[in-house]
Amino acid sequence: MTEEPAASVAPEPGSGTPVALDLQGVKKTYDTPGRPHVEAIRQLDFQVGRGELVCVVGPSGAGKTTLLRSIAGLLDVTEGAVVLDGQVVTGPPAGMAVVFQEYGRSLFPWMTVRQNIELPLKEQGIPKAVRREKVDKALAEVSLTEAAEQHPWQLSGGMQQRVAIARAIAYEPSVLLMDEPFAAVDAQTRAELEDLVRALWKRLGVTVLFVTHDIDEAVYLGERVIVLSNRPTVLMEDVNVDLPRDRDQLTTRSDPRFGELRGHIYALIQKAKAGHRPDSETEA
Ligand SMILES: Nc1ncnc2c1ncn2[C@@H]1O[C@H](COP(=O)(O)OP(=O)(O)OP(=O)(O)O)[C@@H](O)[C@H]1O
């Protein structure tokens, strides 16, 4: 890799856009009985503005899943705080929905598509007629109206992941977290699902935090890309993706700026893998 071109650094938050998600000095260590002590996240501070689409990338084992689970309230942070809409997260918050990579395990095979999407709404105590309306709308958003009465196992992997997305958006979350959601689908389906995420984000105005190991995907989807260091994780760089808001697979990916951003982030990850850390003068 040659010297990376200068990337524009993400603007300081707080300039107009309200903050949806605020990570304040988040640290996470694992002290699992019978397993070695692991310092996963050393220090993370960043904010996601309401209605932003932010991607997170980092070397394998950097703590991306740990970060996302901590934000989702599925793991307790060791120090610091995750704040969603002004409230400290102490368990899975009502305003957050998560889409995981393993759609096969996140959908109930004995329930129809409609029942799967309806379940979290039922748990919220939403009346039946309203539930039906919300499920129909979510199904239309992901173009799966025809599949409402089918079971997940009757659908392709890409369709199942669309059901998982429909379930998340039917819930009308303030923040949608996505943990490598397209890692298990083929390249063509993946491109379609990426476009679906961009389209939903624009239409619904939801705040999205999208974790991926794929640099191209992060640049294509994100308005910002948060690059993590090697474990114990700190922020390598918060990269502003200054590509046009309207993106498509062909034009955007052949835009020279796309190539520059991809090259810049690739170089950062290589540096991270080689042991460079912004919190240390030494490089391994
Ligand atoms: N329950 C646990 N107990 C102990 N250590 C754990 C636990 N879960 C994760 N870890 C460790 O924390 C570190 C970060 O793991 P995590 O899965 O968050 O990384 P990741 O960036 O998502 O990895 P990948 O890119 O490979 O998916 C790893 O060293 C992992 O072994």
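What counts as what
- Residues numbered from 1 in each chain as written.
- Predicted model: local features only at pLDDT ≥ 70, side-chain atom pairs only at ≥ 80, totals over all residues.
- Helix = DSSP H or I, 4+ residues; strand = E, 2+ residues; numbered from the N terminus.
- Rg over C-alpha atoms; globule rule 2.2 N^0.38 Å.
- Buried ≥ 20, exposed ≤ 12 C-beta atoms within 10 Å, placed from the backbone.
- Axes fitted to C-alpha atoms, helices over the stretch in contact; angles between N-to-C directions.
- Parallel < 35°, antiparallel > 145°, perpendicular 65-115°, else oblique.
- Left-handed = near helix turned anticlockwise from the far one by under 90°.
- Contact = placed C-beta atoms within 7 Å.
- Nonpolar A, V, L, I, M, F, W, Y, C, P; charged D, E, K, R; others polar.
- Pairing = 2+ DSSP bridges.

Caption draft 1: Summary view of the overall build of the protein. Looking only at helices and strands, the protein features 9 helices and 10 strands. Here the protein has a C-alpha radius of gyration of 19 Å; the compact-globule value for 284 residues is 19 Å, and the two agree. Taking the principal axes of the C-alpha coordinates as reference, the protein spans close to 60 × 50 × 40 Å. Per-residue burial for the protein yields a buried fraction of 39% across its 284 residues.

Caption draft 2: Fine view of the packing of helix H4 (residues 128-141) against helix H5 (residues 157-170). For the pair H4 and H5, interaxial distance at closest approach is 9 Å and the crossing angle is 135 degrees. Viewed along their axes, H4 and H5 adopt a mutual orientation that is oblique. Like other packed secondary-structure pairs, H4 and H5 cross with a definite hand, here right-handed. Residues Lys134, Val135, Ala138, Leu139 and Glu141 of H4 lie in contact with H5, whose contacting residues are Ala166, Ile169 and Ala170. In the contact of H4 with H5, the residues fall into 6 nonpolar, no polar and 2 charged.

Caption draft 3: Representation of the pairing of strand S7 (residues 175-179) in the model. Counting buried positions along S7 gives 5 out of 5 residues, so the element sits mostly inside the fold. With 4 bridges joining them, strand S6 (residues 96-99) and S7 adopt parallel strand pairing. Within S7, the position partnered with Val99 by the bridge is Met178. In the sheet, S7 pairs with strand S8 (residues 207-211) via 5 bridges, with the strands oriented parallel. Within S8, the position partnered with Val175 by the bridge is Thr207.

Caption draft 4: Geometry of the pairing of strand S9 (residues 224-228). Counted residue by residue, S9 has 5 buried out of 5 residues, so it is predominantly covered. Here S9 shows no split at all, with Arg224, Ile226 and Leu228 on one side and Val225 and Val227 on the other all buried. As defined by bridge partners, S9 adjoins strand S10 (residues 235-240) across 5 bridges and the pair is classed as antiparallel. Bridged to Val225 within S10 is Val239. The loop that links S9 with its antiparallel partner S10 comprises 6 residues.

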